[in-house]
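Fold and contact review
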Amino acid sequence: MSTEPLLVARGVQKRFPGVHALAGVDFEVRAGEVHALMGQNGAGKSTLIKILTGVYPRDEGTITFQGRDFRPASPGEAQRQGISTIYQELSLVPTLTVAENLFLGRAPRRWWGLDWKAMRKKAEEILATFELRVDVDQPLGSMSAAVQQLVAIARAVQTEARVIIMDEPTSSLDSHETEVLLGIITRLKERGLGIVFVTHFLDQVYKVSDRITVLRNGTLVGTYEASKLSRLELVSQMLGKVPEEMEPALHPHPESQGPAVISAQGLSRRGVEPFDLTVHQGEVVGFAGLLGSGRTEAARLLFGADHAREGTINGTHLRSPRQAIDTLGMAFTPEERKADGIFPELSVRENIALVVQRKQGFIVSRARQEKLAQEFVTKLGIKTPSVEQPIRLLSGGNQQKVILARWLAYEPKLLILDEPTRGIDVGAKGEIERLIHQLSQKGLSVLFISAALEEVLRISHRIAVFRDRKKVGELSRTTLPEVMKMIAGEEQPAGAPEAEKRAAGEGKHAS
Ligand code: ADP
Ligand code: MG
């Protein structure tokens with residue numbers, strides 16, 4: 001690896017209204033290196049990339065590219081100067097052919113209406129260097145996501161890029177396609193390009209990266225040689241936690257374990273490895289893992305919100321959330337409260353009565369709705385002047401309680417809570433935690449998903465750990481350091497074959 005710095009950013013600052021998205025970040029890309037940019041959601045990765053590629057201007061700081069001051073006014077200008085970005089949403093034209101896309105907008109006169117045969121041949125040659133053999137006369141839109149991604153990269157390389165920035169390039173690829181892409185990244189690096197790689201997949205980071213820069217809450221945590229940064233160190237840098245820190249262990253299981261409420265076998269879909277999961281009556285099972293590890297995807301499969309390609313729950317293949325609700329007694333509060341959960345203009349009463357109404361199949365009387373709403377407002381301590389208050393006027397924590405009430409009114413057997421405490425204040429968090437604990441003592445089973453590991457540890461009886469879209473193990477009677485190790489994948493011998501790795505993960509199964 002050469003050490004010639006191609007792109008050097010120093011003290012980069014960016015503020016958005018109310019957010020200090022980047023607070024003086026240094027970042028450097030060398031020729032011939034793959035540099036992973038890591039950090040939890042909101043760390044500032046995309047903002048940094050957007051500043052480097054001319055989407056946003058920086059507020060402060062210096063950026064030099066090949067030794068000269070670099071201040072691109074647009075992504076097009078950044079690209080012309082040699083910095084290309086490959087976003088998840090590709091900037092290609094699906095209705096044009098593969099060949100046309102490769103040469104789109106570049107030196108058109110050389111190819112325009114002229115020698116189609118030569119253009120086709122050139123396109124095939126370029127793609128062959130990427131081990132890609134496709135019919136270049138077919139529309140790009142008819143190709144797989146992987147091929148489209150590779151065409152975008154091939155195009156970027158043809159435009160004389162010196163630095164290629166990839167933001168989550170593998171998130172829509174299957175494992176073979178990912179291997180192909182990682183191989184290409186390695187070859188681009190050998191050609192002397194600098195590659196910036198943003199991904200949530202730890203295995204991929206360690207497979208291709210030379211250096212890793214970690215951001216947290218808009219600040220630079222550090223830049224490290226990948227070979228000198230252990231997975232556990234990386235995860236602790238991202239989370240801002242010292243793994244040695246002692247933390248409270250899980251709730252012990254009740255004396256006797258109740259019967260299984262749901263038992264999932266081999267549930268999978270594209271991008272989610274098959275997993276098994278059993279939840280017992282009155283048990284709180286936590287899902288832990290980094291963002292993108294497959295926590296939410298697994299929960300959606302359990303609920304039938306995404307269709308499982310294979311696998312069963314309680315012996316049946318779920319067709320829809322309705323089936324999960326009606327026949328298995330499941331309830332699900334999604335991650336995005338505002339997008340999927342609440343009806344902002346409706347009152348607290350209406351928001352609570354929604355599910356019950358549907359279950360009963362007839363209109364629940366106004367008086368009955370009021371009684372129900374009033375009952376939950378009292379029981380959950382929802383702070384609202386009246387049950388007729390539009391829910392949008394409540395605080396985040398109280399909105400969350402209304403959503404909880406809605407599903408509790410329905411008396412589910414299993415309540416799936418995806419990030420129920422995100423964006424609410426500490427006091428409200430504590431109340432929701434206590435509520436979950438009380439409910440479980442009364443026999444409700446809960447599946448609790450949260451990015452906050454201590455919270456998962458505090459609330460759960462047992463934790464299922466996810467990494468790189470796989471359920472890698474389960475832990476009971478555990479500690480924060482142990483969970484972090486499993487999230488990081490450090491319980492495995494490096495380079496162990498997949499099957500052994502999984503066995504190692506599941507070997508952690510405790511009592
Ligand atoms: P990451 O890509 O690491 O998840 P981002 O760079 O997208 O993080 O975001 C960093 C912070 O800046 C977040 O708090 C985010 O909400 C905020 N942010 C990002 N883009 C904008 C924007 N266009 N307007 C306002 N805030 C933004
Ligand atoms: Mg981002």
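Preceding block: the structure.
Here is a short report on the structure shown in this document. Only a predicted model underlies this, so the values are computations on that prediction, with no experimental measurement involved.

Mapped onto the secondary structure, S440 falls in helix 16 (residues 426–441). We classify S440 as buried; its relative accessible area is 4%. Beyond its immediate stretch of four places on either side in the chain, S440 contacts G282, V284 and H461.

Spatially, 6 strands are ordered 6-7-8-3-9-10 in an open sheet, and the strand pairing comes out mixed. For this open sheet the edge positions go to strand 6 (83–86) and strand 10 (219–225), each flanked by a neighbour on one side alone. Recorded for the sheet is a direction-independent mean angle of 20° between the axes of neighbouring strands. In the packing of helix 7 (residues 175–190) onto the sheet, the strands contacted are strand 3 (34–38), strand 7 (163–167) and strand 8 (194–198), and the crossing angle to strand 8 comes to about 150°.

Attention now moves to the site of ligand 1. All residues adjacent to ligand 1 are F16, V19, A21, Q40, N41, G42, A43, G44, K45, S46, T47 and Y56. Contacts to ligand 1 include G44, whose backbone N or O atom sits 2.9 Å from an oxygen atom. One of the side-chain nitrogen or oxygen atoms of T47 is found 2.5 Å away from an oxygen atom of ligand 1. Mapped onto the shell around ligand 1, the elements with two or more residues apiece are strand 2 (19–30) and helix 1 (45–52). Broken down by element, the shell around ligand 1 gets its largest block of residues, 3 residues, from helix 1.

Scanning the model with the defined rule gives 27 salt bridges in all. Here R462 makes a salt bridge to E283, at a shortest N to O gap of 2.9 Å. In this pair, R462 is assigned in strand 18 (residues 462–467) and E283 in the loop between strand 12 (272–280) and strand 13 (284–288), connecting sequence segments 179 residues apart. For R462, a relative accessible area of 8% corresponds to the buried category. One salt bridge connects K383 with E431, and the closest N-O pair in it is separated by 3.9 Å. A residue pair is termed long-range when its members are at least 10 positions apart, and K383 in the loop between helix 14 (366–380) and helix 15 (396–408) and E431 in helix 16 qualify at 48 residues. Classification of K383 as exposed rests on a relative accessible area of 54%. Each of R10, E28, R30, E33 and R211 takes part in salt bridges that share partners, so that together they form one network.

Of all 9 residues in helix 9 (residues 231–239), 7 are buried, a share of seventy percent or more. Residues of helix 9 that are buried include every one of R231, L232, L234, V235, S236, M238 and L239, and no others. The inward-facing, buried residues of helix 9 contact strand 3, helix 8 (202–208), strand 9 (211–216), helix 17 (453–459), strand 18 and helix 18 (480–488). Where helix 9 terminates, the next one or two residues include G240, which has phi positive at roughly 75°.

Right, let's talk about the nonpolar core for a bit. F287, L302, M330 and I416 are the most contacted members of the largest nonpolar core, which totals 93 residues. The contacts of M330, once residues within four sequence positions are left out, are I262, L302, F303, I313, L318, A324, I325, W407, Y410, P412, L414 and I416. L92, V98, M143 and V208 belong to the second largest nonpolar core, which has 38 residues in total.

Attention shifts here to the environment of I391. By secondary structure assignment, the location of I391 is in the loop between helix 14 and helix 15. Once residues lying within four places of it in the same chain are set aside, the contact partners of I391 are I342, F343, P344, L346, S347, V348, N351, Q399 and V402.

Rules used in this analysis
Residues numbered from 1 in each chain as written. Chains lettered and ligands numbered in written order. Predicted model: local features only at pLDDT ≥ 70, side-chain atom pairs only at ≥ 80, totals over all residues. Heavy atoms only, no water. Helix = DSSP H or I, 4+ residues; strand = E, 2+ residues; numbered from the N terminus. Buried < 20%, exposed > 50% of the residue type's maximum accessible area, 1.4 Å probe, protein only. Contact = heavy atoms within 4.5 Å. Pairing = 2+ DSSP bridges. Axes fitted to C-alpha atoms, helices over the stretch in contact; angles between N-to-C directions. Near = heavy atom within 4 Å. Polar contact = N/O pair within 3.5 Å; in protein donor to acceptor, adjacent residues only side chain to side chain. Salt bridge = Lys/Arg side-chain N within 4 Å of Asp/Glu carboxyl O. Core = buried A, V, L, I, M, F, W, Y, C linked by side-chain atoms within 4.5 Å.

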